[in-house]
Amino acid sequence: MADVVQYRLERMVDELDDLESRGIFTRREIAEIVKQRRKFEYRLKRPSPLKQDFIAYIDYETQLDALRRLRKKAATRELLRQGKKKTKTRKSVSDFAPVSRIMEIYRLAVMRYKGDVELWFRYLEFCRQRKNGRMKKVLALVIRFHPNLPGVWIYAAAWEFDHNLNVAAARALMQSGLRMCPNSEDLWVEYLRMELTYLNKLKARKVALGEDKGTLVRDKKDADEKQWKEENKDLFMSLDDEDKENNDHVSDEESEKKLDLFSEHASGLLKTIYGGAIQALPSSFSLRKQFLEILESIEVADSEELRIEILRDMKRDFSADPEYWDWLARLEMPDASITGEKNEDAMYSRLQKAVQVYEEATKAVPSATMFKLYINFLLDAIASERGEVEAFSLSNHASSYISDILKVYEKAETTGCLTEELACQCISFYTQLGRLEEAKKVAENLCSGKLSDSVQLWLLRVSVDIRCITKDSLSPSKADALSIFELFRTVLTKMSISEAESLWIMALKFFANQKKSFEKLIELSLKAVAKYGGSENGFSLSSAVVNFILQKDGLKHAREVYKRFLALPHPGLALYENCIELESNLASLGNEDSLVNTRKLYEAALATYDQDTSLWKDYHSLETKLGTTETAAAIYWRARKSLKDSAVDFTSPD
């Protein structure tokens, strides 16, 4: 290894001598360069060099070369400042060596890590930036090792097309890529873009020579201006005589009859590639969309017929796909910022056309996804119209917007497509409109139907009822509080503790300042823990109740309640841990009663969870801090006996 490294360093002598003789680096700096290179070379000669070793070496050499070039420019400027004429200096070995060295490191890296595509592309980008002649060879290698990667073919074709201006080679690469990766959407789209770009360049050349006019790129502004002039041609006065007008008329007719070869060729090209693409990817909806977008951005012969054909094929193949209907409807509602259309009536008219498409879609594809897309479209349209739902009243068509959305929710419910998400969205929509009573009725109906097990729906129902009660007064009446409690009782008794976690938290917060209702809630929680058992980890209802009481009524009342929970058959480890933490915090402050209670809690917990190592360790830690050496030792030996020695990993007392 040392011999190989020394040999490679000796080959750098000429380069380093040149750098010193030209005054770019000092002898001390060159010594440091040699030191760093030796370190990197030894790393590369290890039995299993890391990818990071190669990258670090490349980064170092790249930065060093950048510094060399900067100092070379500075030296040239200094010569000019001294009045010496600038002469074209001959490039020496130090100008070529850095790039050659970096290329060699890249070669070693990609041969070591052939499957690392990112490394290959770094290699290619370096070759492209430095315009290195090895680019073609590297491209051939990466295609050889990664023939099934579409990005490789696209990169190679783009290089041939843009850098080498070799259209035939780029086309051959694209076609080879399509044979290797026929299921790549990107390859089909980029192949079409490349061919159309080439045709547009040829047409631009004809225009520059005065043999043609226009381009294949569709300019919407020019098209609108031309249409306006045709519609208002009577407003323009002719300044030429009658003969010239007739001659121009004949010339225009001849021009119209003249076949645009480029436009025809583009049309045929698009048809051919489109046919091959849908044959290779018949189920790709996004590919059809991209082809349609390309068609609408260029001027080709029979563009309208092509557009109709693509739309017809899409309807035939994707009429059962909700995404297709959503896309088709949104075509009727273009972005106003793009079209420049500000007329509210015109935008509403477009919205109604889109609604008709969605109505057809809900009949063809009656599904929850379809209704969700329909509703999201209407909400997006309103948001773009006014920015916020609360601003509906500012719109002339506010009532129509709202009624359209509510009808969709009703239709989704009648067709059996109303999901939990849509139901919650419907109730939230009513509340955003400020129609709380209607939201309350809808929530009641939905919670009594097939979605009666939805926790999120019950949460919304309870929150709506609370808002209805507290909208006029912050403190609810006894009757209102009782009705809310009965609502909570209904849902909390039918759901498990883990399912109704958020509902329990809401109930505890709502009744925290209502003594009688809170006591009833405690009784309800005791029954729930007795029925379902306490939690071993995660949410613990009993712990939540104890913590609420501790904050509200103090330690004495909290002790009374947690003892009631601990008296249940399976109170759960989480409750024991919470109570131990509560009492041990007070014990550390010198409270003797809390220390006694903490020990009782540990003993009660270990009676059930004697194999819990962390529990034994915490108990031992408590006795070490607050107890005596004898009590700590006793806990240690009990733990060893219970956990079979090997499981005990805390330090034995001296």
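About the criteria used
- Residues take numbers from 1 onward in each chain, read along the sequence in its written order.
- In keeping with the predicted nature of the model, local features appear solely for residues at pLDDT of at least 70, side-chain atom pairs appear and are counted solely at 80 or more, and the whole-chain, interface and lining totals rest on all residues.
- Calculated side-chain values reflect all of the structure's heavy atoms, with hydrogen atoms and water omitted.
- UniProt positions are given in the numbering used here, feature names are shortened, and annotations may be inferred rather than shown by experiment.
- Numbered from the N terminus, helices here are DSSP runs of H or I no shorter than four residues, and strands are runs of E no shorter than two.
- By definition here, a helix of n residues has an expected span of 1.5 Å times n minus one.
- Here the term buried applies to any residue with accessible area under 20% of the maximum for its type, exposed to any over 50%, and partly exposed to those in between, with areas from a 1.4 Å probe on protein chains only.
- What the arc describes is the spread of directions from the helix axis to the C-beta atoms.
- Any N or O atom pair separated by 3.5 Å or less is treated as a polar contact, with the protein-specific requirement of one donor-capable and one acceptor-capable atom, and with residues adjacent in sequence counted only for side-chain atom pairs.
- Any pair of residues with heavy atoms lying within 4.5 Å of one another is described as a contacting pair.
- The angle between two axes is taken between their N-to-C directions and runs from 0 to 180 degrees, where each axis is a line fitted to C-alpha atoms and a helix contributes only its stretch in contact.
- In this scheme, roughly parallel covers angles under 35 degrees and roughly antiparallel covers those over 145, while 65 to 115 is roughly perpendicular and the rest are oblique.
- Handedness of a helix crossing follows the sense of rotation of the near helix relative to the far helix, less than a right angle counterclockwise being left-handed and clockwise being right-handed.

Per an unreviewed UniProt entry, the recorded name for the protein is U3 small nucleolar RNA-associated protein 6 homolog, and the organism is Gossypium barbadense. In its Subcellular location (unreviewed entry) section, the UniProt entry covering the protein states "Nucleus, Nucleolus". According to its UniProt record, the protein has this under Sequence similarities (unreviewed entry): "Belongs to the UTP6 family."

(A) Representation of helix α13 (residues 261–280) within the structure. The end-to-end C-alpha separation of α13 is 28 Å, in line with the 28 Å expected for 20 residues at 1.5 Å each. Within the sequence span of α13, burial applies to F262, S263, A266, S267, L269, L270, I273, Y274, A277 and I278. Considered in projection along α13, the buried side chains sweep an arc of 165 degrees and stay on one side of the axis. Facing away from the buried side of α13 by over 90 degrees, the exposed positions are L261, T272 and Q279.

(B) Looking closely at the side chain of E41. Considering the arrangement of structural elements, one finds E41 in helix α3 (residues 27–44). Accessibility expressed as a relative area gives 1% for E41, which makes it buried. Polar side-chain contacts of E41 include one of 2.9 Å to the side chain of Y57. Ignoring any residue separated from it by four or fewer positions in sequence, one finds E41 in contact with V5, R8, M12 and Y57.

(C) A look at the side chain of N597. Considering the arrangement of structural elements, one finds N597 in helix α30 (residues 592–608). According to the relative accessible area criterion, N597 is buried, its value standing at 13%. Aside from chain neighbours lying at most four places away, what touches N597 is R559, Y562 and E583.

(D) Focus on the packing of helix α25 (residues 501–510) against helix α26 (residues 515–532). One way to put it is that α25 packs onto α26 with a least axis distance of 10 Å and a crossing angle of 155 degrees. When the axes of α25 and α26 are compared, the pair comes out roughly antiparallel. Handedness of the crossing formed by α25 with α26: left-handed. Taking contact as the criterion, the partners of W504, A507 and L508 in α25 are, on α26, F518, L521, L524, S525 and A528.

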